[in-house]
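The residues making up each chain are set out below.
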Amino acid sequence: MRSRPAETPKTVAGFGLTASAILWMDLIIVLPLAVVLTEAFKGGLAPYLAALDDPDTIAAIQLTLLVAAISVPLNAVFGIGSAWCITRFEFKGKGLLLTILDLPFTISPVICGLVWILLFGTQGWFGGWLRDHDVKIVFALPGMVLATVLVTLPFVARELIPLMTDQGTDEEVAAVTLGARGWDVFFRVTLPNIKWALLYGVLLCTARAMGEFGAVSVVSGHIRGLTNTLPLQIEILYNQYETIAAFACASILTGLAIVTLILKTVLEWRFAGELAAHRRH
Amino acid sequence: MTASSPPARAPVPTGFKPPRTNLHTTRVLPGFKSSLSLTITYLSLIVLIPLAALVARPWEHGLQGFLFVLTDSRVIASLKLTFGVAAAAAILNLFVGLVVAWVLTRYSFPGRRLLDALVDLPFALPTAVAGIALCTLYAPSGWIGALLAPLGIKIAYTPLGILVALVFVGLPFVVRSVQPVLAEFDAEVEEAAQTLGASPLQTAVRVIFPSLAPALLSGFSLALARAVGEYGSVIFIAGNMPYVSEITPLLIVIKLQEFDYAGAASVALIMLGLSFLVLIGLNAVQLWLSRQGGRS
Amino acid sequence: MSLIVNTITKSFTNFAALHEVSFEARPREFIALLGPSGSGKTTLLRLLAGLDTPDSGSITFEGEDFLRLNARDRRIGMVFQSYALFRHMTVADNIAFGLNVRAAKERPSKAEIKAKVESLLDLVQLQDFGKRYPSQLSGGQRQRVALARALAISPRLLLLDEPFGALDALVRKDLRRWLRRIHDETGVTTVFVTHDQEEALDLADRVVVLKDGEIEQIGEPLELYRQPKTAFVFDFLGHANQAQGMLSGGSAQFDGFSVPAVSSAADGQITARFRPFESHVSKTGPGFPGKVLSILPAGSNLRLEVGLSDGIVYETQHAHDSEAATLRIGDDVVVLPTKVYAFG
C-alpha cells in the first residue's frame, strides 16, 4: 500500500484550507503563547526576575518538582508492570483491567482530587483515625502526590501497551529457551526494545504531573509557601492582579511545555518505529 | 457432585502434575503473578477504593439528600452548561480538527513541522497557564477581545469564553485521531475514484471522509470527555456566574469549600454517571461504525 | 538414550489439539513433523520445547522426564518461525546471548564466548556479519543467525519451526542442503516442523505425518513414498489420480483391464490412486480413454494433463524421450497406470 505524498497547495481550495488551518492555530494556540511572554516581560527583565525571586514562588517551584519526582517514578513502575502482565499473558478480566486503567482519562481532575478528600479529609472515611494519629494526608504533600498519581496514572502504561502488543513475545520466549531467567529477560531483551517508548511516556507523564491544576487544587488547601505548586501559585497571583508575577510563573511552565514538545517531536522523528503506532493521549 | 471414574486414558507418568489453572497456556515468561498483583493492588489503591468512596458518599442523608442535590436548579444549570458547551466545543473541533489534520497530511508548506508540533501544545501546556493566557487574550482589553468589543461580541466571562477554552483543550484529540488514518489512506483507492470520474471534492466527501468516521468519532469522544471534566483552563475565562457561566467541576469545588462533602460527592457522581452514559453511547456508535466498515 | 514422546494428548482453544501422539527420535536423528496447518505439528514442537504443557502423556529425553523441566532448563535449541532475533543486539551478541545469561559460575569466560561466537559464525558462513544488526540482514542470513544462536548453547535437542517458511524458493533449497550438512557436522538430534512434503522427504531421516492431531504414519522418506499407510499420506506426499475399480487378489480391475495393486483394503469396490509418474500414455491399447489437455515441461520430465469424458483430469509424467513426447494437445489417448494403491 502506498499513501499519498504531501504537496504544495496548488488549488484555491488548497490555499484556502491551509490558510484557515494556520489562522485557526494562530488564534487558538500561537497567540496564547505569545500573550504569556509579552505579559511576563511587560515591565522588562527586572520586574520579571524580581517576580520569580519571591520565596513563595521558589517554594512552589520546589514543591512542583518534588511532587513530580515522587509521582512519575511510581507511575513508571506501575506502567511497566501493568504493560508486562497485560501484553505478556492471557488471563480473564484483562479487558476490565484495561478499562479501569483508562478511567483517569475520563474522570474530571476535580473529581480526582475530591476522592482523596472523601477518603482522608476531616470528615472522610479515614479522617478520624488520621487525626487521632496526627497524620496529615489531605492539604499536605501526600495528598497532592496521590492526586497527581491518579491523574497521570495511564500515561506510561498507555505508551507501552500498544508497543509491547505489536512487538509480541517471540524475542522473550527465545530468550527463555536460551536459558535466560526472570529479570534477565526483562533487562536484556524487553527494556532495550521499549526504552524510547518508556521515555516518551515518562515525558508526557512528567509534563502533566508538573502542570496539573484541578486535582492538586482540591487537595492542596492553598497554603502559601507550603502546599502551593507552581500552577496554584499562578492562580493566586493572577487573582490578586499581580499580572507580571503570574505570567512570569506561567512562562516557566510554558518553557517546560515547549521543551516537552521539542523532546517529544525529536523522539517521534528519530525513533518512530520504536514508539507505538497508534497513540492515544 | 459424584466422583465418577475418569475415562480410560494413558497412564500419567509419576512426577507430572497437570496444570492447575483452567487456562491452557503454560506461562513460559516470568513474572505473571508479581506483575498482575502489582497492577491489581495499584489500581485498587489509586483508582478503585477512591472511586468507591465517591460512590458511597452521596447517600449520607439518604436518597432524599441525593435527590435534593440532583434537582437543585443551580446544579442542573451547571450540568446543562458543562455538557452543552463541551459538546459544542467537540463538534467545532470535529470540523477544525479535520481541516488541520487534512492540511498537515496533504500539503507541504513552510512551517508545517512547527504547526504539527504545536498541535500538541494543549497537551503539554498546564491548564492554569492556558486559562490565564486565553482570558487575557479574549478579555475586552486583550488583543482579540479588543477587536471584537466594538462589534458587541464579548467572549471572556461568558459561556463563549468557556467554549474557547474547551476548543483549545480538545483540538489535539481530534487532529491526532484523524491524522494517522489520513496519512495511511491508500492512494490507489483515491486514484481509483478519480479514474472513475470523481472530482477532488467528491473523492474527499464520498471516499475519504467515510473511512475517517471511526477516527473522527473516537477523537470526538476523547475531546468531549476531556472537555466535560476540564477545570483549570475554564475557570479564569468563564466568569463563574451561578446559573450562567458556572461549570459543574467548579460547583464541586465550591461545595467542598463549604465542607459539604456529601453534596460535592453527589454532584461529582451525577456528572461522572452522565459522562459515562454519553461515552457508552458513543462507544456503541463506534462499534456499529466499525461493523459497517467491516462489511464493505 | 533418545527422545521418547508417549501418548501425548493436548486440547486447546487457540492451537490445534493433539490426541495420543507417540514417537521416538533416536540420537543424531533428523526428524520431520509433517502435516497441513491445523494438524498439530507446531503444538507438538511447542510441547517439546516446554512452551506448553500436555494434558496427559509423557516426554522423556535421555531417560529424564522432560515435563518436569521448564523451557529454560531443557537446554534445547529452538529456531522460531519468525526467527525471533533480538533486534537491538548485533549478530554476535545474539549468538552469545545464551552463554551470557548463564549464572556466573557456569558462564564461559569472555574469551571463550568470543571464540565460540567466531566458530559459529564460521559454521553458518557469516564470518563478516558479527557486528551487523538483524535488520541489516536478508531473510536467509537471519535464519542462519537464528540457527547459530540456538547452537551456541550446545543444545541436546534442536527444534525448528517451519525453518524455511519465510524464504523464497531459491534460498530455500540452498539452505536445506546446508542445514542437513550442519546437522551431520554437529550431530545434534533435530526435530523440525514443515507443511512442505518435498522439504520433509528431502531432509529428514524419518518423517512423522500428522493429521488432525493424530499420527498417520511414521517412516523413512522412501518407505512413506513406497508404502503409504493411508490415503491421506498418499495424497499429501504428491499428486494423486483417482479411479473407481474392483479389487481382487492383489490387482485392481477397471473397464477392460487390470493393474497390480498395493492395497490394505479388502476385496471389492475400491478407490484406486496412482502417481503421475506411475502411468503410461499411448494412442491405443488398454487404459482410461481421454484427450490431451496440456503438455508442459516439468524439469527432466514432461507433464501431461489428460481430460476424461466424465470431466476428471489426470496428471501424468513421462520422460522427454517417451511416446508422450510425440503427442499433441487434443490427441485422443489412453492412460494406463503401472501400479495403483488402495487403502482400507
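Residues numbered from 1 in each chain as written. Chains lettered and ligands numbered in written order. Predicted model: local features only at pLDDT ≥ 70, side-chain atom pairs only at ≥ 80, totals over all residues. Heavy atoms only, no water.

1. Some words on the pattern of salt bridges
Two side chains of opposite charge can pair, provided their charged atoms sit close to one another.
For step 1, the next point in the chain: The final tally for this structure, using the stated rule, is 35 salt bridges over all chains.
For step 2, the next point in the chain: When the shortest N-O distance is used, the salt bridge between D202(C) and R177(C) registers 2.7 Å. With D202(C) in helix 6 (residues 197–203) and R177(C) in helix 5 (residues 169–186), this pair connects stretches of sequence that are 25 residues apart.
For step 3, the next point in the chain: With a relative accessible area of 44%, R177(C) lands in the partly exposed category.
For step 4, the next point in the chain: One continuous salt-bridge network, built from bridges that share partners, spans K264(A), E268(A), D116(B), D120(B) and R176(B). (Salt bridge = Lys/Arg side-chain N within 4 Å of Asp/Glu carboxyl O. Helix = DSSP H or I, 4+ residues; strand = E, 2+ residues; numbered from the N terminus. Buried < 20%, exposed > 50% of the residue type's maximum accessible area, 1.4 Å probe, protein only.)

2. Digging into the nonpolar core
For step 1, the next point in the chain: Core analysis: the biggest nonpolar cluster contains 235 residues, and L54(B) and L33(C) have the highest contact counts within it.
For step 2, the next point in the chain: At 15 residues, the largest contribution of residues to this core is made by helix 3 (residues 73–106) of chain B.
For step 3, the next point in the chain: Discounting residues that sit within four places of it in the chain, L33(C) has contacts with F23(C), K41(C), L44(C), L45(C), V191(C), F192(C), V193(C), T194(C), V208(C) and L210(C).
For step 4, the next point in the chain: One finds V79(C), A148(C), L160(C) and F192(C) within the second-largest nonpolar core, a separate group that totals 47 residues. (Core = buried A, V, L, I, M, F, W, Y, C linked by side-chain atoms within 4.5 Å. Contact = heavy atoms within 4.5 Å.)

3. With respect to the packing of helix 12 (residues 230–239) of chain A against helix 6 (residues 127–138) of chain B
For step 1, the next point in the chain: Two elements in contact, helix 12 of chain A and helix 6 of chain B, have axes separated by 9 Å at closest approach and are oriented at 30°. Regarding the angle of helix 12 of chain A to helix 6 of chain B, the classification is roughly parallel. In this structure, helix 12 of chain A contributes P231(A), I234(A) and Y238(A) to the contact, and helix 6 of chain B contributes A128(B), V129(B), I132(B), C135(B) and T136(B).
For step 2, the next point in the chain: Each residue belonging to the contact of helix 12 of chain A with helix 6 of chain B can be placed in one class, and the counts come to 7 nonpolar, 1 polar and no charged. (Axes fitted to C-alpha atoms, helices over the stretch in contact; angles between N-to-C directions. Parallel < 35°, antiparallel > 145°, perpendicular 65-115°, else oblique. Nonpolar A, V, L, I, M, F, W, Y, C, P; charged D, E, K, R; others polar.)

4. Quick word on helix 6 of chain B
An α-helical segment advances 3.6 residues per turn. Residues three or four places apart therefore align on the same side.
Residues and elements named next belong to chain B.
For step 1, the next point in the chain: A rise of 1.5 Å per residue sets the reference length of helix 6, with its 12 residues, at 16 Å; its end C-alpha atoms lie 16 Å apart and thus fit the reference within 8%.
For step 2, the next point in the chain: Most of helix 6 is tucked away, with 12 of its 12 residues classed as buried.
For step 3, the next point in the chain: If you check which residues of helix 6 are buried, you get T127, A128, V129, A130, G131, I132, A133, L134, C135, T136, L137 and Y138. (Expected span 1.5 Å × (residues − 1).)

5. As for the pairing of strand 8 (residues 189–194) of chain C
Remark: a regular strand shows side chains that alternate across the two faces of the sheet.
Residue and element names in this part refer to chain C.
For step 1, the next point in the chain: Counting buried positions over the 6 residues of strand 8 gives 6, a clear majority of the element.
For step 2, the next point in the chain: Across the two faces of strand 8 the burial is the same, with T189, V191 and V193 and T190, F192 and T194 all buried.
For step 3, the next point in the chain: Here 5 bridges tie strand 3 (residues 30–34) to strand 8, and the two strands are oriented parallel to one another. By the bridge assignment for strand 8, L33 is matched with V193.
For step 4, the next point in the chain: Across 5 bridges, the pairing between strand 7 (residues 157–161) and strand 8 is parallel. In the strand pairing of strand 8, L158 is matched with T190.
For step 5, the next point in the chain: In this fold, the crossover linking strand 7 to strand 8 by way of helix 5 has right-handed handedness. (Pairing = 2+ DSSP bridges. Right-handed = clockwise from strand over helix to strand, strands pointing away.)

6. Focus: the environment of A207(A)
For step 1, the next point in the chain: Locating A207(A) in the fold gives a position in helix 10 (residues 182–211).
For step 2, the next point in the chain: A C-alpha to C-alpha distance of 9.6 Å links A207(A) and V259(A), two positions 52 residues apart in sequence.

7. Considering the domain arrangement of chain C
Residues and elements named next belong to chain C.
For step 1, the next point in the chain: Split into domains, chain C comes out as domain 1 (3–234) and domain 2 (239–342).
For step 2, the next point in the chain: Its C-alpha centre places domain 1 at a distance of 39 Å from the equivalent point of domain 2.
For step 3, the next point in the chain: Counting residues at the interface gives 6 residues for domain 1 and 7 residues for domain 2.
For step 4, the next point in the chain: A buried area of about 630 Å², summed over both sides, lies between domain 1 and domain 2, and 61% of it is on carbon and sulfur atoms.
For step 5, the next point in the chain: Our enumeration of links across domain 1 and domain 2 arrives at 0 salt bridges.
For step 6, the next point in the chain: At the junction of domain 1 and domain 2, the tally comes to 1 residue pair in polar contact (both at pLDDT 80 or more).
For step 7, the next point in the chain: Among the secondary structure elements, those contributing two or more residues to the side of domain 1 that touches domain 2 are helix 7 (221–226) and helix 8 (231–237).
For step 8, the next point in the chain: Taken together, the residues that form the side of domain 1 that touches domain 2 break down as 4 nonpolar, no polar and 2 charged. (Domains from an automatic or database assignment. Buried area = accessible area lost by both parts, 1.4 Å probe. Polar contact = N/O pair within 3.5 Å; in protein donor to acceptor, adjacent residues only side chain to side chain.)

8. What about the interface of chain A and chain B?
For step 1, the next point in the chain: Listed as interface residues are 97 residues of chain A and, on the opposing side, 98 residues of chain B.
For step 2, the next point in the chain: At the boundary of chain A with chain B, total buried surface from both sides reaches about 8,500 Å², with 77% on carbon and sulfur atoms.
For step 3, the next point in the chain: We note a salt bridge from K264(A) to D120(B), for which the minimum N-O separation is 2.3 Å.
For step 4, the next point in the chain: Broken down by element, the side of chain A that touches chain B gets its largest block of residues, 20 residues, from helix 1 (residues 12–40) of chain A.
For step 5, the next point in the chain: Class assignment of the residues belonging to the side of chain A that touches chain B gives a composition of 61 nonpolar, 24 polar and 12 charged.

9. Overview of the sheet that holds strand 17 (residues 301–308) of chain C
Residue and element names in this part refer to chain C.
For step 1, the next point in the chain: Strand order in the open sheet formed by 5 strands is 15-19-16-17-18, and the pairing between neighbours is antiparallel. Looking at the sheet topology across the chains shown, the edges are occupied by strand 15 (279–282) and strand 18 (313–319). On average, adjacent strands in this sheet sit at an angle of 40° to one another, irrespective of strand direction.
For step 2, the next point in the chain: In terms of strand pairing, strand 16 (residues 288–298) meets strand 17 through 8 bridges, oriented antiparallel. Considered in strand 17, the bridge of L296 is made with R303.

10. A few points about the confidence of the model for chain B
For step 1, the next point in the chain: For chain B, mean pLDDT is 86; residues scoring 70 or higher make up 90% of the total.
For step 2, the next point in the chain: Confidence drops under pLDDT 50 across residues 1–25 of chain B; counting only partners more than four residues distant or on other chains, this segment forms 28 contacts. (pLDDT = per-residue confidence, 0-100.)

11. Notes on the sheet that holds strand 9 (residues 206–211) of chain C
Residues and elements named next belong to chain C.
For step 1, the next point in the chain: With mixed pairing, 6 strands are arranged side by side in an open sheet as 6-7-8-3-9-10. Two strands close off the open sheet at either side, each with one partner strand: strand 6 (76–79) and strand 10 (214–219). Strand-to-strand twist in this sheet, taken as the mean axis angle between neighbours without regard to direction, amounts to 15°.
For step 2, the next point in the chain: Packing against the sheet, helix 4 (residues 139–152) makes contact with strand 6 and strand 7, and its axis sits at approximately 170° to strand 6.

12. Considering the interface of chain A and chain C
For step 1, the next point in the chain: In this assembly, 17 residues from chain A lie in contact with 21 residues from chain C.
For step 2, the next point in the chain: Here chain A meets chain C over a buried area of about 1,800 Å², counting both sides, of which 59% is carbon and sulfur.
For step 3, the next point in the chain: On the chain A side of the contact with chain C, E171(A), T177(A) and L178(A) bury the most area, a combined 38% of that side's loss.
For step 4, the next point in the chain: Taken together, the links from chain A to chain C amount to 2 salt bridges.

13. Topic: the packing of aromatic side chains
For step 1, the next point in the chain: Applying the stated criterion to the full structure yields 33 aromatic pairs over all chains.
For step 2, the next point in the chain: Relative to Y48(A), the ring of F41(A) lies with its centre 4.1 Å away and its plane at 25°, an arrangement referred to as stacked.
For step 3, the next point in the chain: Measuring from centroid to centroid gives 6.1 Å for W116(A) and F120(A), while their planes differ by 10°, and the two rings are stacked. Of the two residues, W116(A) and F120(A) are both situated in helix 5 (residues 109–120); the distance of 4 residues between them amounts to about one turn of the helix. For the pair W116(A) and F120(A), one class covers both residues: buried.
For step 4, the next point in the chain: What links up through ring pairs into an aromatic cluster is the set W84(A), F89(A), F91(A), W183(A), F186(A), F187(A) and F32(B).
For step 5, the next point in the chain: Across from the ring centre of F66(C), 4.9 Å away, lies the NZ or CZ of R74(C), which sits over that ring.
For step 6, the next point in the chain: One cation-aromatic arrangement involves R149(C) over F86(C); the distance from NZ or CZ to the ring centre is 4.6 Å. (Phe/Tyr/Trp six-rings, centres within 6.5 Å; stacked < 30°, edge-to-face > 60°. Lys NZ or Arg CZ within 6 Å of the ring centre and 35° of its normal.)

14. Notes on the pairing of strand 3 of chain C
For step 1, the next point in the chain: Taking burial as the measure, the 5 residues of strand 3 of chain C include 5 buried ones, the bulk of the element.
For step 2, the next point in the chain: Across the two faces of strand 3 of chain C the burial is the same, with F30(C), A32(C) and L34(C) and I31(C) and L33(C) all buried.

15. Section: a nonpolar patch on the surface
For step 1, the next point in the chain: On the surface, V55(B), W59(B), L63(B), L67(B) and L70(B) cluster together into a nonpolar patch covering about 430 Å² of accessible area.
For step 2, the next point in the chain: A relative accessible area of 32% places L70(B) in the partly exposed class. (Patch = residues over 30% accessible without salt bridge, like charges linked within 9 Å, V, L, I, M, F, W, Y side chains within 5 Å. Areas by Shrake-Rupley, 256 points an atom, 1.4 Å probe, with all protein chains shown as cover.)

16. Some thoughts on the side chain of D52(C)
For step 1, the next point in the chain: Within the fold, D52(C) resides in the loop between helix 1 (41–49) and strand 4 (56–61).
For step 2, the next point in the chain: Among the polar contacts made by the side chain of D52(C), one reaches the side chain of R46(C) at a distance of 2.8 Å.

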